[in-house]
Amino acid sequence: MELRQLEHFIAVAEEQHFTRAAERVAVSQSGLSASIRSLEQELKTPLFSRTTRTVRLTEAGRALLVEAERTLAGARAARDAVDAVRGLLRGTLTVGVEQCVAGVRVPQLLAAFHRTHPQMEIRLRQEGTTSLVNGVAGGRLDVAFAAAVSAAEWRGELIPLARERMVVLCAPGHRFARAADGVVWDELTGESFIDFHPDWGPRRAADEAFTTARVRRTVGLEVTDVHSLLELVHEGLGIAVVPHHFSRKPEALGLVAVELDGPEQPYYESVAVLPAAGAMSPGARALMALVRGDAHGDIPSDAGR
C-alpha cells in the first residue's frame, strides 16, 4: 500500500466521482481506476459501491477513510517536521473555517501567512463546526476556526477568539422593530424563524439558548449562508437570532437588531480548534503565531464586523 494510492482513494471518496477525482490528483482516469483496483485487490474487499451515476464508500471504505486521512496527515507532519528543523516551512497547510466566524479575518490572515511562508501551499475548507472538529481530529485539517465546542467534543487545544451577544434580527415592519427595550423570551413563541443548518455555529448557539430558556421554536427556513439568511429576513419571511456582528454587515442595512431581555442572555463564542500541542504541525504553529500577534505584526480581528 502506497501513500499515492491513499491519496487517490481519498480523492474519490470526497469527490464521489472518478473523473473529478482524477482531475484533482492530476492523473488519467484509467490510471486512477487502476490505482483503486490495486488497493482493493490488496485489501481483498471493495472500497466503493459503483453505479452508472454514483460512487459511494462501502463499509470497508468508510473504515479505511479514517485511517487513510490519519496516515497521510502523519506523513505530511513528518516531512514538515524535517523541513522545520532545516529552517524551512514547506508543504501544505489545510485550514477549516465556519462561514463568518467571529474573532479572526481569515482572508487577511491567510494572506499574511502566504507572504511570510510563500513556499507553503494553503488549502481552505468551509464546513460546519462538527465537521471541522472531526477534520482536525482525523488529521484532515491542521487548524480550524469554529464555534465553541465542549470538552466532551474536543480534548485537544481550544484557543478563544471572540464572545458576543446574540440578537433578534427582523425586518423594519416586524412588531419587534418597535421594541426599544428589547424582547423577552416568551414573546418569541410562535414566531417564524430563519436559521442555519444545525451544524453551523450560530445555529448551535441559538438552539442551546432556546433550550436553556425553555422556549420551543421551529425553524421553517434553513440556509447554509449568511447572505441568504439576511435576504429572507429582509423579505419579512421570519426573524433570526444571530451573533450581533451579522447586523453590521452591509447586506443587513435596513434590518433591525433587537436585544433579548431577561436572565438568559445568549452568547456566540468562536475558537481555534487545534490538536494537542505535541501533534500540531509547524504550519499550524506559524499560523497561530500570526493569530496571537506574536510574529510579523497583528492580524486584525473580526469580532466587531
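Everything quoted here is computed from the prediction, not taken from an experiment.

Q: What am I meant to see in the pairing of strand S8 (residues 193-196) here?
A: Here S8 shows no split at all, with Phe-193 and Asp-195 on one side and Ile-194 and Phe-196 on the other all buried. Where S8 meets strand S9 (residues 219-223), 4 bridges bridge the pair, whose relative direction is parallel. By the bridge assignment, Asp-195 is partnered in S9 with Glu-222. In terms of handedness, the path from S8 via helix H7 (residues 201-213) over to S9 forms a crossover that is right-handed.

Q: Honestly, a negative patch on the surface in this entry has me stumped. Any pointers?
A: There is a patch of like negative charges on the surface, built from Asp-181, Asp-186, Glu-187 and Asp-261. Structurally, Asp-181 can be placed in the loop between strand S6 (157-170) and strand S7 (183-184). With relative accessibility at 72%, the residue Asp-181 sits in the exposed group.

Q: For this particular structure, what's the right way to read the pairing of S6?
A: Within a regular beta strand, the side chains point alternately toward one face of the sheet and then the other, so they alternate between its two faces. With 8 bridges connecting them, S6 and strand S13 (residues 267-274) associate as antiparallel partners. Across the sheet, the residue bridging to Glu-157 is Leu-274, located in S13. When S6 meets strand S10 (residues 240-243), the two strands line up antiparallel, connected through 4 bridges. Along S10, the bridge assignment pairs Val-167 with Val-242. Sheet topology note: the S6/strand S11 (residues 256-258) ladder contains 3 bridges and is antiparallel. Counterpart to Leu-169 in the pairing with S11 is Ala-257.

Thresholds, definitions, all that
Residues numbered from 1 in each chain as written. Predicted model: local features only at pLDDT ≥ 70, side-chain atom pairs only at ≥ 80, totals over all residues. Heavy atoms only, no water. Buried < 20%, exposed > 50% of the residue type's maximum accessible area, 1.4 Å probe, protein only. Helix = DSSP H or I, 4+ residues; strand = E, 2+ residues; numbered from the N terminus. Pairing = 2+ DSSP bridges. Right-handed = clockwise from strand over helix to strand, strands pointing away. Patch = residues over 30% accessible without salt bridge, like charges linked within 9 Å, V, L, I, M, F, W, Y side chains within 5 Å. Areas by Shrake-Rupley, 256 points an atom, 1.4 Å probe, with all protein chains shown as cover. Salt bridge = Lys/Arg side-chain N within 4 Å of Asp/Glu carboxyl O. Lys, Arg positive; Asp, Glu negative; His and termini not counted. Charge placed at Lys NZ, Arg CZ, Asp CG, Glu CD.

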